[in-house]
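Understanding the architecture of this molecule
This is what each chain is made of:
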Amino acid sequence: MNRLLVVVDYQKDFVDGALGYAGAERLEQPLLEAVQRALAAGWKVLFTRDTHADDYLNTREGRFLPVPHCIAGSEGWHLYGSLAQFETMDNENVAFVDKPTFSSMDLPGAVEALCGGEPEEIALCGVVTNICVVSNAVVLHSAFLSSTITVLKDLCGTSDAALGQKTFDLLAGMGYNVI
């Protein structure tokens, strides 16, 4: 059985940097444990990293969200806390997608490369629930029509709890498992 855990954008800038919010740091240990459990159970793990260039403010996203963040190679671009160890770890079951906006059309190809085709099951977690988590969920749903897709709501975070709940309701209404 081919299974994949996708950890969305758990980067320094979304925890204690430019777009950080109170409580984001509390996801560190549960996310680390989820990654460790997944790898121990034979799952693949894919981390997405929001990745921008110095011209970020001139992009459509930069005009919508005019806060420079996750500039490629900067301290804020790296994974937060104990999850940063995976950036330097040599593990054939771990991969990264650096995405230029909320999601990336490169994501499905990276998933197929890591998993050797369409995974049977995909679980998503990370930040920000109502922006990047939902965007990546939709891209994966569109690319993998036979995969079961689950959003792990206790491992997702946003600064706006009400908007996060609306996002979970929307995803559940679209046929995702939200647990």
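Everything here concerns the structure above.
Residues numbered from 1 in each chain as written. Predicted model: local features only at pLDDT ≥ 70, side-chain atom pairs only at ≥ 80, totals over all residues. Heavy atoms only, no water.

1. Describing the environment of glycine 117
As a reminder, the rule being used: Counting from the N terminus, the helices are DSSP H or I runs at least four residues long and the strands are E runs at least two residues long. Contacts were defined at the residue level, with two residues in contact if any of their heavy atoms lie within 4.5 Å.
Turning to its location among the elements, glycine 117 is positioned in the loop between helix 5 (107-115) and strand 4 (121-127). C-alpha separation for the pair glycine 117 and asparagine 2, spaced 115 residues apart in sequence, amounts to 8.8 Å. With near-sequence residues (within four places) excluded, glycine 117 lies in contact with Val111 and Glu112.

2. Quick notes on the side chain of histidine 52
Applied cut-off: The buried label applies to any residue whose accessible area, calculated with a 1.4 Å probe on protein chains only, is under 20% of its type's maximum; exposed applies above 50%, and partly exposed to all values in between. By the criterion applied in these results, polar contacts are pairs of N or O atoms within 3.5 Å in which, for protein atoms, one can donate a hydrogen and the other can accept it, and in which residues neighboring in sequence qualify only through two side-chain atoms.
By the element assignment, histidine 52 lies in the loop between strand 2 (44-50) and helix 3 (60-64). We classify histidine 52 as buried; its relative accessible area is 6%. At a separation of 3.4 Å, a polar atom in the side chain of histidine 52 contacts the side chain of glutamate 61. Apart from the residues lying within four places of it in its own chain, the contact partners of histidine 52 are Glu61, His69, Cys70, Ile71, Ala72, Pro100 and Thr101.

3. Considering the sheet that holds strand 5 (residues 148-157)
Quick note on the threshold: Between any two strands, at least two bridges found by DSSP are needed for them to pair. Where helices are involved, their axes are fitted lines through C-alpha atoms of the stretch in contact, as for all axes, and angles between N-to-C directions lie from 0 to 180°.
The six strands lie next to each other as 3-2-1-4-5-6, forming an open sheet whose pairing is parallel. Unpaired on one side and paired on the other, strand 3 (94-99) and strand 6 (177-178) mark the two borders of the sheet. Running over the sheet, helix 6 (residues 129-143) touches strand 1 (3-8), strand 2, strand 3, strand 4 and strand 5 and is turned about 160 degrees from strand 4.

4. Some details on the packing of helix 6 against helix 7 (residues 161-173)
Quick note on the threshold: Roughly parallel refers to an angle under 35 degrees, roughly antiparallel to one over 145, roughly perpendicular to one between 65 and 115, and oblique to any angle outside these ranges. For any helix crossing, the convention is left-handed if the near helix is rotated counterclockwise from the far helix by under a right angle, and right-handed if that rotation is clockwise. Amino acids are sorted into nonpolar (Ala, Val, Leu, Ile, Met, Phe, Trp, Tyr, Cys and Pro), charged (Asp, Glu, Lys and Arg) and polar (every other residue, Gly among them).
Two elements in contact, helix 6 and helix 7, have axes whose closest approach is 9 Å; the angle formed by their N-to-C orientations is 20 degrees. Here helix 6 lies roughly parallel to helix 7, going by the angle between them. Where helix 6 crosses over helix 7, the handedness of that crossing is right-handed. In this structure, helix 6 uses Thr129, Asn130, Val134 and Ala137 to contact helix 7, whose residues at the interface are Leu163, Gly164, Thr167, Phe168 and Leu171. Per-class residue counts for the contact of helix 6 with helix 7 are five nonpolar, four polar and no charged.

5. What to know about the packing of aromatic side chains
This is how it is decided: Stacked, edge-to-face and tilted are the three classes for Phe, Tyr and Trp ring pairs, Trp counted by its six-membered ring, which pair at centre distances within 6.5 Å; planes under 30 degrees apart are stacked, over 60 edge-to-face, the rest tilted.
The tally for this structure, following the rule as stated, stands at four aromatic pairs. Measuring from ring centre to ring centre gives 5.6 Å for tyrosine 10 and tyrosine 80, while their planes differ by 85 degrees; the resulting arrangement is edge-to-face. On the criterion of sequence distance, the pair formed by tyrosine 10 in the loop between strand 1 and helix 1 (12-15) and tyrosine 80 in the loop between helix 3 and helix 4 (85-88) is long-range, its members being 70 residues apart. The class for tyrosine 80 is buried, based on a relative accessible area of 14%. Relative to phenylalanine 96, the ring of phenylalanine 47 lies with its centre 5.3 Å away and its plane at 20 degrees, an arrangement referred to as stacked. Taken as a pair, phenylalanine 47 in strand 2 and phenylalanine 96 in strand 3 lie far apart in primary sequence, 49 residues in all. Aromatic ring contacts, followed pair by pair, group Phe47, Phe86 and Phe96 into a single cluster.

6. Looking at the packing of helix 5 against helix 6
At a minimum axis separation of 9 Å, helix 5 and helix 6 run at an interaxial angle of 65 degrees. Relative to helix 6, the element helix 5 is oriented roughly perpendicular. The two elements helix 5 and helix 6 cross, and the hand of that crossing is right-handed. Contacts from Leu107, Pro108 and Val111 in helix 5 reach Asn136, Val139, Leu140 and Ala143 in helix 6. Class assignment of the residues belonging to the contact of helix 5 with helix 6 gives a composition of six nonpolar, one polar and no charged.

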